[in-house]
Amino acid sequence: MTAPAARAFLGVEASATGRRWVGPTGEEDRLAEAMAQTTRLPLPLCRTLVRRGVAATDAELFLAPALRDLLPDPLSLRDMGPAADRLLAALRRRERIAIFADYDVDGGTSAALLITWLRALGLASTLYIPDRIDEGYGPNVPAMQQLAAAHDLILCVDCGTLSHEPIAAAAGTDVVVLDHHLGAETLPPALAVVNPNRQDEDGSLGHLCAASVVFLLLVEANRRLRLEGRQGPDLMAMLDLVALATVADVAPLIGVNRALVRQGLKVMARRERPGLVALAEVARMDAAPNSYALGFLLGPRVNAGGRIGQADLGARLLATDNPIEAKALAERLDQLNTERRDIEARVRAEALAQAEARGLDGPLVWAAGEGWHPGVVGIVAARLKEATNRPAVVIGLEGGIGKGSGRSVAGVDLGAAVQRLAAEGLLLKGGGHRMAAGLTVAEDRMAEAMERLGDLLARQGAGLGGPADLRLDSLLMPSAATMAFCEQIDSAGPYGASASAPRFAFAEQRVTTRRMGENHLRLSFGEGEGARVDGVAFGAFDGPLGPLLENPGANRFHLAGRLEVNTWGGRSKVQFRLEDAVRL
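The structure reproduced in this document is the subject of the present report. In this text, all values refer to a predicted model and were calculated from it rather than measured experimentally.

If you tally the helices and strands in the chain, you get 20 helices and 19 strands. The globule rule puts the C-alpha radius of gyration for 584 residues at 25 Å, and the 24 Å found for the chain is close to it. Summarising its shape, the C-alpha atoms of the chain cover approximately 75 × 60 × 55 Å along the three principal directions. Classification of the 584 residues of the chain by burial places 55% in the buried group. Counted over contacts in the chain with a minimum sequence separation of 6, partners at least 24 positions apart contribute 64%. Per element, the accessible surface of the chain, about 25000 Å² overall, is 51% carbon and sulfur.

Here's what the structure looks like:
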């Protein structure tokens, strides 16, 4: 007999967004109180640590993670030794090196890491990033033949694990693959394939993004240079790139990833990389960088070139050491990002309407449209996934061929399912990792492929529930929402994938609101001197929160969301980011 469900937090069984609110369990409360007593840490912080699965004995180390303790031995990854040897041989012989990179943030940062490292040792390299529309993802035969004809070594970053034919086409030139996407039963004919998600790896480092794999290669290369009596470039100064890639690629912020991002944010705050300085300026960032800034301000702008513009703009921005060039590239990427938002809004509206007409209660939500820009289908898939709590695939059609992108939910391995679909012949091409995948499908087989994909995902448990429960860490009074409190909570960060920021509830609040722009809402609540909290609900009028709160009158509401520090014009204050509400 199954145990009865815990009582809903504040009695909320169905919120404005249709979710049940769930608070800490009795066991979590007891563990948090015990941790507070033994460590003398604030109770709200202990609640956050317990939710992250941190034991009281590990709290001190968790709050101050040391990269030297958490960084794995690079040689624990297969083919790392041959890859490092070949890179250093090219360096010694001053060979011609080409870097073939994916067009997203992870690919761009991976390329920038290699370009920067080689440049510091006096060796230039060739950057090649395929056009998303004309060439698609990953190495292709013409490009690899072209690069092989003019280079001695090709480094494929954030791609290449499934590229058997294109890598074979580079005959006569060594190819090293540095990737993290799921591997097949056979590997391409490269000199080395360094990938924690190869089928013959144990999976313990499967959470690394490609930039982290490249970073480990450079760690091993530097170690071998030291054995030769040479000093390698400063790798700690490159962690800003690794942090950006980790967050933007939605890699889980656990283990070494958390330490890499935490240290990388400190490096980024020093404002030493011209490209990131210029990008922060066009994004109007006037506070120290955090994981939100990487994921929502910097990452989308780096991605914009690969999505709808010139594919190599992001990597060139991240690799340049020229502030004038950086400024021009950042301004161009900012302009492209604005255009991307407009294109995305149109496709999102059409995709949501189509998905709703098809039904949102199955194991897979999908939509396809003629002329939908392939550069935005992944973002739109993420929006559908968030709205439905189901894996989502969005496909752009042109000339009878569909190019799509998918996003998954926790516990459902989308990449493996897509890879199986490709092996069964229902896709022309497909691959990815647990939370995201890309695919190419013939239009006349699309419906059949999506039905089969839904079946595969259903076997993993997709589509069993409605909207996900909203997990809350604790109930707060408005007077507790102080800068000091936010700093305590931030010490358990950085927050992101698999490490969500704590979410708090404020009960029975009267609110004042005003519309901000077309879709957003400003709000304020709390009574008494010093107890007023200002908040924001982004995209409120794209869902139920805007209509619910636009004219609150004398009603009282339960409010749920996250606390953050908002810096504007050099001044910082606490801001509440509203995610859900209930009118009483």
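This part is about the packing of aromatic side chains. Each aromatic ring pair is summarised here by two numbers: the centre-to-centre distance and the angle between the ring planes. On inspection of all chains with the given rule, the structure shows 6 aromatic pairs. Here a set of aromatic residues connected by ring pairs shows up, and it is made of Phe-506, Phe-525 and Phe-576. Directly above the aromatic system of Phe-62 lies the positively charged group of Arg-258, at a separation of 3.6 Å from the ring centroid. Lying across the ring of Phe-541, Arg-515 places its NZ or CZ 3.6 Å from the centre.

What follows concerns a nonpolar patch on the surface. Side chains of Tyr-292, Phe-296 and Phe-538 sit close together on the surface and give an oily, nonpolar patch of about 330 Å² of accessible area. One can find Tyr-292 in helix α13 (residues 291-308). On the basis of relative accessible area, Tyr-292 is assigned to the partly exposed category, the value being 34%.

Take the pattern of salt bridges next. Summed over the entire model, instances satisfying the criterion amount to 37 salt bridges. Between Arg-96 and Asp-152 there is a salt bridge, with the nearest N and O atoms lying 3.2 Å from each other. One end of the pair, Arg-96, is in the loop between α5 (80-92) and β2 (97-101); the other, Asp-152, is in the loop between α7 (141-150) and β4 (153-157), and 56 residues separate them in sequence. According to the relative accessible area criterion, Arg-96 is partly exposed, its value standing at 43%. A relative accessible area of 25% means that Asp-152 is categorised as partly exposed. In this structure, the salt-bridge partner of Arg-420 is Glu-424, at a minimum N-O distance of 3.0 Å. Take Arg-420: its relative accessible area is 41%, and that puts it in the partly exposed class.

Moving on, we come to the packing of α13 against helix α15 (residues 323-358). Where α13 contacts α15, the axes come no closer than 8 Å and their chain directions differ by 70°. With respect to α15, the axis of α13 lies roughly perpendicular. The segment α13 lies against α15, with Pro-300, Arg-301, Val-302, Ala-304, Gly-305, Arg-307 and Ile-308 engaging Leu-333, Asp-334, Leu-336, Asn-337, Glu-339, Arg-340, Arg-341 and Ile-343. In terms of residue class, the contact of α13 with α15 is built from 7 nonpolar, 2 polar and 6 charged.

So, on to empty space enclosed by the protein. As enumerated under the stated definition, the model contains 3 cavities of 30 Å³ or more in all. One number sums up the size of the largest cavity: a volume of about 40 Å³. Around the largest cavity, the lining residues are Asp-102, Tyr-103, Asp-104, Gly-108, Ile-129, Val-302, Gly-306, Ala-311, Gly-314 and Ala-315. When residues of the lining of the largest cavity are traced back to their parent elements, those giving at least two are α13 and α14 (313-319).

If you walk across this open sheet you meet the 5 strands as β7-β8-β9-β11-β10, and the pairing is mixed. The open sheet terminates on both sides in strands that have one partner only, identified here as β7 (365-370) and β10 (429-432). For this sheet the average axis-to-axis angle between neighbouring strands, irrespective of direction, equals 15°. In the packing of helix α17 (residues 414-423) onto the sheet, the strands contacted are β9 (401-407), β10 and β11 (436-442), and the crossing angle to β10 comes to about 160°.

Conventions adopted
Residues numbered from 1 in each chain as written. Predicted model: local features only at pLDDT ≥ 70, side-chain atom pairs only at ≥ 80, totals over all residues. Heavy atoms only, no water. Helix = DSSP H or I, 4+ residues; strand = E, 2+ residues; numbered from the N terminus. Rg over C-alpha atoms; globule rule 2.2 N^0.38 Å. Buried < 20%, exposed > 50% of the residue type's maximum accessible area, 1.4 Å probe, protein only. Contact = heavy atoms within 4.5 Å. Areas by Shrake-Rupley, 256 points an atom, 1.4 Å probe, with all protein chains shown as cover. Phe/Tyr/Trp six-rings, centres within 6.5 Å; stacked < 30°, edge-to-face > 60°. Lys NZ or Arg CZ within 6 Å of the ring centre and 35° of its normal. Patch = residues over 30% accessible without salt bridge, like charges linked within 9 Å, V, L, I, M, F, W, Y side chains within 5 Å. Salt bridge = Lys/Arg side-chain N within 4 Å of Asp/Glu carboxyl O. Axes fitted to C-alpha atoms, helices over the stretch in contact; angles between N-to-C directions. Parallel < 35°, antiparallel > 145°, perpendicular 65-115°, else oblique. Nonpolar A, V, L, I, M, F, W, Y, C, P; charged D, E, K, R; others polar. 1 Å grid on protein atoms, 1.4 Å probe; cavity = no way out; pocket = protein on both sides within 12 Å on 5 of 7 lines; lining within 4 Å. Points joined across faces, edges and corners; volume = space filled by probe spheres on them. Pairing = 2+ DSSP bridges.

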